[in-house]
Amino acid sequence: MKNQEQWLQLDALRPTLFTGVILQGRNSIWSLDWVTRYKVQFSNDTESWSPCMNGSQDAVFVGNQDQETPVLALFPEPTVAQFIRINPQSWFSNGTICLRAEILGCPMPDPDHQSIVEQERVSTDKLDFRHHNYNEMRKLLKAVNDECPNITRIYTIGKSYTGLKLYVMEISDNPGKHELGEPEFRYVAGMHGNEALGRELLLNLMQYICHEYKQGNQRILRLVKDTRIHLLPSMNPDGYETAYEKGSELSGWALGRYSFEGIDMNHNFPDLNNIMWDAQELATDKKKVSNHYIAMPEYYTTTEATVAPETRAVINWMQDIPFVLSANLHGGELVVTYPFDCTRDWIPRQDTPTADNDFFRWLAAVYASTNLVMANPDRRICHYEDFLSHNNIINGADWHTVPGRSRWVQSLPGIIGRKAGIHPGGGASPSQGNTDTHTHLRTLLSHQSTYQRVFFGLWEETRAPGGNPHRHGENTPTPHRQSPGAGLEPTSSRSLELCDCDLPTAPPCRPKCMNDFSYLHTNCFEVTVELSCDKFPHARELPVEWENNKESLLLYMEQVHRGIKGVIRDKDTKEGIANAIIKVAGLDHDIRSAADGDYWRLLNPGEYKVIVWAEGYMPLIRRCTVDSDPRATICDFSLTKTPRERIKQILAKGGKLPRDEQLRIRALRMRKLRVSTKILNRRREQQHRHAKIKRK
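Calculation rules
- Residues numbered from 1 in each chain as written.
- Predicted model: local features only at pLDDT ≥ 70, side-chain atom pairs only at ≥ 80, totals over all residues.
- Heavy atoms only, no water.
- Helix = DSSP H or I, 4+ residues; strand = E, 2+ residues; numbered from the N terminus.
- Buried < 20%, exposed > 50% of the residue type's maximum accessible area, 1.4 Å probe, protein only.
- Contact = heavy atoms within 4.5 Å.
- Areas by Shrake-Rupley, 256 points an atom, 1.4 Å probe, with all protein chains shown as cover.
- Patch = residues over 30% accessible without salt bridge, like charges linked within 9 Å, V, L, I, M, F, W, Y side chains within 5 Å.
- Salt bridge = Lys/Arg side-chain N within 4 Å of Asp/Glu carboxyl O.
- Lys, Arg positive; Asp, Glu negative; His and termini not counted.
- Charge placed at Lys NZ, Arg CZ, Asp CG, Glu CD.
- Disulfide = S-S within 2.5 Å.
- Core = buried A, V, L, I, M, F, W, Y, C linked by side-chain atoms within 4.5 Å.
- Axes fitted to C-alpha atoms, helices over the stretch in contact; angles between N-to-C directions.
- Parallel < 35°, antiparallel > 145°, perpendicular 65-115°, else oblique.
- Left-handed = near helix turned anticlockwise from the far one by under 90°.
- Nonpolar A, V, L, I, M, F, W, Y, C, P; charged D, E, K, R; others polar.
- Pairing = 2+ DSSP bridges.

### Some words on the overall build of the protein
Part 1 of the reasoning: Across its full length, the protein holds 12 helices and 27 strands.
Part 2 of the reasoning: A total of 696 residues make up the protein; the buried ones form 57% of that total.
Part 3 of the reasoning: By sequence separation, contacts in the protein at least 24 residues apart represent 78% of the contacts at least 6 residues apart.
Part 4 of the reasoning: In the form shown here, the protein has an accessible surface area of approximately 29100 Å², with 51% of it arising from carbon and sulfur atoms.

Here you go:
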């Protein structure tokens, strides 16, 4: 591995003005690998190569001093070529030649290849297309509220660790109030702070709805009139500010992903999946096991639990508002995933459907099929997996499993795009090294902008003990040991997350994602949308990304009106009954009525037998038909209180009245979480005050 003649070659497919390189080391908890110095060469035919010059000598560029920090090197003179090589000269003394690189350049007009020159689309919507930091986001929210005060309201659900507010924009014809029978919808973005596109799309969306509402757009008028919309553009403002300071080029794959405390919020919600599955395995009568409104574990409600203040705020938000449908906007891939996001028995990868799998697949397909990039059959893959073969939707657990207490390592397979014209070369041939180690290239040619950005890295294929290669999600890949061998072996990896519960004395801990928690703890159905290959696209790409996602964002919101809805009332008093259980025969997932007795059950077209029950009332059965039109069928219920004679009969026989213990436990745990959250918030505020005093 001491050979300085090794190289990594990229074919840009057409003449390109190369301007620089951004380098990172290998992201691994097992080894320290990065390149410290390197040269660059250019060619138009792969036969004749010219070095990048610094005056009369070959330019030698400074590389990395650690694994993660991106280091930018601009060429002394931009050079036009089709091929470029990175030639490492030195690397960390205790490591090997491992790198992640981004090539900067602009495609040049090529009369011989006009067909591959993509025309940049420009949005006709007059929106504020740029990246907004925290203060700029606040100004934009206020501007939208000032322009459309009758249909918008700004509120906060909490604060980040550093005290930045988690702002939500509400859009409704009666903002600030839940209207009987009107469903609640939410979009959440910025859970990972460096995945900036979702944040900007939601800021664009609120501007667009305001403008179109004022213009009398009938579709928008209906949406605002019939739906209460909540947009949370930045769940992790601390992480975003960190990534924003570095900018699109230097923010890196992980910088800003985590909270200020280093918590990945997508792995920070309580594990309700295994609580339900374990109960089902132990129960003699599985029908008596709760399949909804599952209470969070006791340990999760304490001040010692490793729960981000942002996560606590979102859970509290979910509890306060009866959300029906949601989407969590991420970045780094092009696919829509649906629950469950974790497998049973900790199998690394397995399709793990919910009881509502058909409807979840419909929701995912609605977004994916109308997204202009996902729906393009000729688009490039982002990394190594071609999601077009899955119609750009996949069960989350069949793609990746959210890690928990188990310390299994999910390895990354190398399947990469040689079609893009990238070829490894130099150094010893595979036959001279370890033939069991397969290295592949991945490339991402950004197709949205004339400012061409080329990402590439080398990935080492490893296999799990069972022999099957594992996949990864939009997270940075999973760590694995590097095998010895000849030639370049750059790899990239995801840090293995351990929680407090990994300590021997800690209670069981399997932190999970928001999608599964939303489905099992509340009535809300939620999917994850991976919006773009690039987590932090250039500002000039934002108009194109808006056009790619505009129809998807609108159409997905409209799905909140599918299925059945109604009000559960007391037959005598006509008052709404809160927390009534709505059960659909054949679907092992129930929902509950909201505080006013109204409910919404998302369903595909068909005829359903619906059973409703509430504590102290006799159950009632109705048949409800769902049409194919995106308009919910009204299916009201009037429940009769259990007769006193019936109560006396039950008690006389030594029986017990049915009690909703699950609801009581859930409410108790939620109260405990809120108390511990208040305690922690007061502690942080005191710490911030003391820190300010010391600075003065």
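Still to come is the rest of the account.
### Details of a positive patch on the surface
Part 1 of the reasoning: A cluster of basic residues, Arg138, Lys159, Lys165, Lys692 and Arg695, forms a positive patch at the surface.
Part 2 of the reasoning: Examined against the element boundaries, Lys159 turns out to sit in strand β9 (residues 152-159).

### Re unusual backbone geometry
Part 1 of the reasoning: The omega angle of the peptide bond from Pro339 to Phe340 is 0 degrees, so this bond is cis rather than trans.
Part 2 of the reasoning: Backbone geometry places Asn391, a non-glycine residue, at a positive phi of 60 degrees.
Part 3 of the reasoning: When you line up the elements, Asn391 lands in the loop between α7 (357-370) and β15 (393-395).
Part 4 of the reasoning: Judged by its relative accessible area of 59%, Asn391 is exposed.
Part 5 of the reasoning: Look at Lys574: it is not a glycine, yet its phi comes out positive at around 70 degrees.
Part 6 of the reasoning: Tracing the backbone through its elements, the reader meets Lys574 in the loop between β20 (564-570) and β21 (581-584).

### Digging into the environment of Thr19
Part 1 of the reasoning: Here Thr19 shows up in strand β1 (residues 7-24).
Part 2 of the reasoning: On a C-alpha basis, the gap between Thr19 and Ile103 in space is 8.0 Å, while along the polypeptide they are 84 residues apart.
Part 3 of the reasoning: Ignoring anything within four residues of it in the chain, the contact list for Thr19 reads Ala73, Leu74, Phe75, Pro78, Leu104 and Gly105.

### Topic: the state of the cysteines
Part 1 of the reasoning: One pass over the full model with this rule turns up 3 disulfides.
Part 2 of the reasoning: Two residues, Cys148 and Cys210, share a disulfide whose sulfurs are 1.9 Å apart. Of note, the bridge from Cys148 to Cys210 carries an S-S torsion of about 85 degrees and is right-handed in sense. Of the two residues, Cys148 is situated in the loop between α1 (134-147) and β9 and Cys210 in helix α2 (residues 197-215); the sequence distance between them amounts to 62 residues. Taken as a pair, Cys148 and Cys210 share a single burial class, namely buried.

### Brief notes about the nonpolar core
Nonpolar side chains in soluble globular proteins tend to be buried together.
Part 1 of the reasoning: Ranked by size, the top nonpolar core spans 98 residues in total, and within it Tyr187 and Trp317 carry the most contacts.
Part 2 of the reasoning: By residue number, the principal contributor to this core is α2, which donates 9 residues.
Part 3 of the reasoning: Once you skip the residues sitting within four places of it in the chain, Tyr187 turns out to touch Leu202, Leu205, His230, Leu231, Leu232, Ala327, Leu329, Tyr367, Ser552, Leu553, Tyr556 and Met557.
Part 4 of the reasoning: The next biggest cluster of nonpolar side chains, apart from the first, holds 23 residues, and it includes Phe61, Ala73, Ile86 and Ile97.

### Considerations on the pattern of salt bridges
Part 1 of the reasoning: Inspection of every chain in the model, using the stated rule, returns 26 salt bridges.
Part 2 of the reasoning: We note a salt bridge from Arg130 to Asp128, for which the minimum N-O separation is 2.9 Å.
Part 3 of the reasoning: Using a relative accessible area of 23% as the deciding quantity, one classes Asp128 as partly exposed.
Part 4 of the reasoning: The shortest N-O distance in the salt bridge between Glu526 and Arg186 comes to 2.8 Å. Residue Glu526 is located in strand β19 (residues 525-530), and its partner Arg186 is located in strand β11 (residues 184-189); the two are separated by 340 residues in the primary sequence.
Part 5 of the reasoning: In this structure, a network of salt bridges that share partners links the residues Arg153, Glu170, Glu184 and Arg228.

### Here we look at the packing of α2 against helix α10 (residues 542-558)
Part 1 of the reasoning: Remark: α2 packs on α10, axes separated minimally by 10 Å, with the N-to-C direction vectors making an angle of 70 degrees. Overall, the two elements α2 and α10 adopt an arrangement that is roughly perpendicular. Considering only the axes of α2 and α10, their crossing is right-handed. In this structure, α2 contributes Leu197, Glu200, Leu201, Asn204, Leu205, Tyr208 and Ile209 to the contact, and α10 contributes Leu542, Glu545, Trp546, Asn549, Lys550, Leu553, Leu554 and Met557.
Part 2 of the reasoning: Its residues assigned to classes, the contact of α2 with α10 comprises 10 nonpolar, 2 polar and 3 charged.

### Some words on the sheet that holds strand β24 (residues 606-613)
Part 1 of the reasoning: Spatial ordering of the open sheet is given by β22-β21-β24-β25, a layout of 4 strands whose pairing is antiparallel. The open sheet has two free edges, formed respectively by β22 (591-592) and β25 (620-626), since each of these has just one partner strand.
Part 2 of the reasoning: Pairing between β21 and β24: 4 bridges, direction antiparallel. By the bridge assignment, Ile581 is partnered in β24 with Trp613.

### Section: the packing of helix α6 (residues 309-320) against helix α12 (residues 661-695)
Part 1 of the reasoning: The N-to-C vectors of α6 and α12 enclose an angle of 140 degrees; their axes lie 11 Å apart at closest approach. Here α6 is positioned oblique relative to α12, judged by the angle of their axes. α6 and α12 meet at a crossing whose hand is left-handed. Contacts from Pro309, Arg312, Ile315, Asn316, Gln319 and Asp320 of α6 reach α12 at Arg666, Met670, Leu673, Arg674, Ser676, Thr677, Leu680 and Arg684.
Part 2 of the reasoning: Its residues assigned to classes, the contact of α6 with α12 comprises 5 nonpolar, 4 polar and 5 charged.

### So, the pairing of strand β12 (residues 228-232)
Part 1 of the reasoning: Here β12 lies mainly inside the structure; 5 of its 5 residues are buried.
Part 2 of the reasoning: Burial along β12 is two-sided: the residues Arg228, His230 and Leu232 and Ile229 and Leu231 are all buried.
Part 3 of the reasoning: Pairing of strand β10 (residues 165-171) with β12 involves 3 bridges; the strand directions are antiparallel. Across the sheet, Met169 pairs through a bridge with Leu231, a residue of β12.

No statement about biological role is implied by the geometric values presented.
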